[in-house]
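# Structural features, examined
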Amino acid sequence: MKPAHLLALESEELKGLMLEVGEPAFRAAQLQDWLFQHLEVDFDRMTNLPQSLVEKLRNSAVCTVLKTASVQESRDGTIKWAFETPDGHFFETVMIPSEGRRSICVSSQIGCAMGCTFCRTATMGFIRNLTLGEILEQVHFVNRHLRDKDGSRVTNVIFMGMGEPLQNLDIVVSACRRLISPSGFNLSRRKITVSTSGIVPKILEWAEKAPEIKLAISLNGSNDAVRSELMPINRRYPLEKLFAAADEYIRLTGQKLTFEYILIKDKTCTTEAARELRHIASHRNCKINLIPLNKGDNAGLVAPSEEEIEAFERELNRGGFQVLRRKARGPDIYAACGQLAKEQKKVA
Ligand code: SAH
Ligand code: SF4
């Protein structure tokens, strides 16, 4: 039997595991204390557990499965890790420090099937979904890194690493539950955001299964022609369907929706596009995050100049809704939005 990943277990499941190996249920709370308070992943250092339990745990459970394949630190303090999975695949995780915040950009899949033309992850194709343990381990790993570095912890989790989270929906919902569980990672639900390319039925499924967790939609094009060119998913679920789902999401959850909008010279960063976007946003309870194109393998796509971005913002700002420009973090190590791809460099 595959060993249980302890980070992935709910309290009740952990108690069940204790009973299965013939230990009293209160050991579950002790284990959780080691895992989530002390961030301990070495059974031998969990000093109040009896040796007999440690032996049993060694045979039936794991706290970590990932190996660190590489680590790169940007001039701006952003850190990117590449992890190797037990079956020999690689994926990446990014930690973005800022005043009072430690945000982590987690991956939900290895590669991605969605094929967006501006995104480096798309060039990998889709390899497989990450498991619940693999998703949660990214946060636990970064927590351990931060503990050793400056005693801080991850404050915000964004599902904007590799992959389309809603193609791994049930696992991502479970991951969010563990992230906000007081006996788990104990994060505020408001500090978690899941970003999707806009798979319409899954947006509604998300609203049903995890209405408390914020969703962001990567809009990226303000009309069907441009969006279909950039994102193949738009041919399947064009804007009319996407907005119907977005509005239903807002109605069902009462949450404000975030639209991510990528700025590409002559394509999405034009006066006409700003007007279309203003029209889209002024009709609904939403905010807009602008992301200037980061460079990758995106043939023919160019980032706009600062003047072009400012002109776009001016046009948009007349709409009276919240607009934020996302600063590229870690571009020198290919850690910014859309720059994650297969990394095989090994740590020496
Ligand atoms: N698959 C999900 C989440 C991961 S991508 C999604 O697409 O929403 C996270 C964000 O990065 C998305 O908003 C995406 O549009 C953006 N992005 C992808 N490639 C980019 C690039 N080259 N420059 C800027 N943003 C990019
Ligand atoms: Fe996948 Fe998101 Fe990249 Fe599109 S932008 S290919 S959905 S990771």
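Before any of the text, the structure's been laid out above.
Quick look at the structure, then.

Rules used in this analysis
- Positions within a chain are numbered from 1, following the residues in the order the chain's sequence is written.
- Here chains are named by letter from A upward and ligands by number from 1 upward, in the order in which they appear as written.
- In keeping with the predicted nature of the model, local features appear solely for residues at pLDDT of at least 70, side-chain atom pairs appear and are counted solely at 80 or more, and the whole-chain, interface and lining totals rest on all residues.
- Calculation of side-chain values draws on the structure's entire complement of heavy atoms; hydrogens and water are dropped beforehand.
- Elements are defined by DSSP. Helices are runs of H or I of four residues or more, strands are runs of E of two residues or more, and each kind is numbered from the N terminus.
- We compute the radius of gyration from the C-alpha atoms alone; for a globule the expected value is 2.2 Å times N to the 0.38, where N is the number of residues.
- Accessible area is worked out with a 1.4 Å probe on protein chains only. A residue is then buried under 20% of its type maximum, exposed over 50%, and partly exposed in between.
- To measure how exposed things are, a 1.4 Å probe is used in the Shrake-Rupley method; for residues, cover is taken only from the protein chains shown.
- In this count, Lys and Arg are taken as positive residues and Asp and Glu as negative ones, while His and the chain termini are left out.
- To locate a charge, take NZ of a lysine, CZ of an arginine, CG of an aspartate or CD of a glutamate.
- By this definition, two strands are paired if DSSP reports at least two bridges between them.
- An axis is simply a line fitted to the C-alpha atoms; with a helix, the fit covers only the stretch in contact. Between two such axes, the angle follows the N-to-C directions and lies from 0 to 180 degrees.
- We call a residue near a molecule or strand as soon as one heavy atom of that residue lies within 4 Å of the molecule or strand.
- Throughout this entry, Asp, Glu, Lys and Arg are counted as charged residues, while Ala, Val, Leu, Ile, Met, Phe, Trp, Tyr, Cys and Pro are counted as nonpolar. The remaining residues, Gly among them, count as polar.
- N or O atoms closer than or at 3.5 Å make up a polar contact, with two conditions inside protein: a donor-capable atom paired with an acceptor-capable one, and, for residues adjacent in sequence, both atoms drawn from side chains.
- Each C-beta atom gives one direction from the helix axis, and the arc is the one those directions make.
- Pairs of residues are marked as contacts when any of their non-hydrogen atoms sit within 4.5 Å.
- Roughly parallel means an angle under 35 degrees; roughly antiparallel means over 145; roughly perpendicular covers 65 to 115; every other angle is labelled oblique.
- Crossings are assigned a handedness: left-handed for a near helix turned anticlockwise from the far helix by less than a right angle, right-handed for a clockwise turn.

### With respect to the overall build of the chain
Each helix and strand in the chain was counted, giving eleven helices and 14 strands. In terms of overall dimensions, the chain is globule-like: its C-alpha atoms have a radius of gyration of 21 Å, near the 20 Å expected for 348 residues. Across its three principal directions, the C-alpha atoms of the chain cover 70 × 45 × 35 Å. The buried share of the chain, reckoned over its 348 residues, is 55%. In the form shown here, the chain has an accessible surface area of approximately 15300 Å², with 49% of it arising from carbon and sulfur atoms. Here the chain contributes 47 positive and 43 negative side-chain charges, whose respective centroids are spaced 2 Å apart.

### Points about the sheet that holds strand S14 (residues 323-325)
Strand order in the open sheet formed by ten strands is S3-S4-S5-S6-S9-S10-S11-S12-S13-S14, and the pairing between neighbours is mixed. Edge positions in the sheet fall to strand S3 (67-73) and S14, since each of these pairs with one other strand and no more. Neighbour-to-neighbour, the strand axes of this sheet turn through a mean angle of 20°, independent of strand direction. As paired strands, strand S9 (residues 156-159) and strand S10 (residues 192-196) are joined by three bridges and run parallel to one another.

### Some words on the site of ligand 2
Taken together, the neighbourhood of ligand 2 is formed by Cys-112, Met-114, Cys-116, Phe-118, Cys-119, Ala-122, Gly-163 and Ser-197. Looking at the shell around ligand 2 residue by residue, the classes come out as six nonpolar, two polar and no charged.

### Quick notes on unusual backbone geometry
The backbone of Leu-39 sits at a positive phi, close to 55°, despite the residue not being glycine. Along the chain, the position of Leu-39 falls in the loop between helix H2 (26-37) and helix H3 (51-60). Among the residues examined, Leu-39 registers a relative accessible area of 3% and is labelled buried. Not every positive phi belongs to a glycine, and Asn-220 is a case in point at roughly 65°. Mapping Asn-220 onto the fold places it in the loop between strand S11 (214-218) and helix H7 (224-230).

### Some remarks on the site of ligand 1
The environment of ligand 1 is made up of 22 residues, and the closest members are Phe-118, Gly-163, Ser-195, Ser-218 and Asn-294. Between ligand 1 and Ser-195, the relevant distance is 2.7 Å, taken from an oxygen atom to a side-chain nitrogen or oxygen of the residue. Note that an oxygen atom of ligand 1 is positioned 3.5 Å from one of the backbone N or O atoms of Thr-196. Notes on ligand 1: free accessible area 530 Å², of which the protein chains cover 96%. Secondary-structure elements contributing two or more residues to the shell around ligand 1 are S10, strand S12 (257-263) and strand S13 (286-292). When the residues that make up the shell around ligand 1 are grouped by side-chain class, the tally is ten nonpolar, ten polar and two charged.

### A look at helix H1 (residues 11-20)
Within H1, burial applies to Leu-14, Leu-17 and Met-18. Viewed along the axis of H1, the buried residues span an arc of 100°, placing them on a single side of the element. Seen from the open side of H1, the exposed residues pointing more than 90 degrees away from its buried face are Glu-12, Leu-19 and Glu-20. As for H1, its buried residues are in contact with H2 and H3.

### Some details on the packing of helix H4 (residues 132-150) against helix H5 (residues 169-180)
The contact between H4 and H5 brings their axes to 9 Å, and the two run at 40°. One way to sum up the angle between H4 and H5 is to call them oblique. In the crossing of H4 with H5, the sense of the turn from one axis to the other is right-handed. For the pair H4 and H5, the contacting residues are Leu-132, Ile-135, Leu-136 and Val-139 in the first and Ile-171, Val-172, Ser-174, Ala-175, Arg-178 and Leu-179 in the second. Its residues placed into classes, the contact of H4 with H5 shows eight nonpolar, one polar and one charged.

### Re the pairing of strand S6 (residues 101-105)
The side chains of a regular strand alternate, first on one face of the sheet and then on the other. Within S6, four of the five residues are buried, which leaves the element mostly enclosed by the surrounding structure. Alignment of strand S5 (residues 90-98) against S6, held across five bridges, turns out to be antiparallel. Directly across from Pro-97, in S6, lies its bridge partner Arg-102. Where S5 folds back on S6, the antiparallel hairpin that results is connected by two residues, among which Gly-100 adopts a positive phi of roughly 70°.

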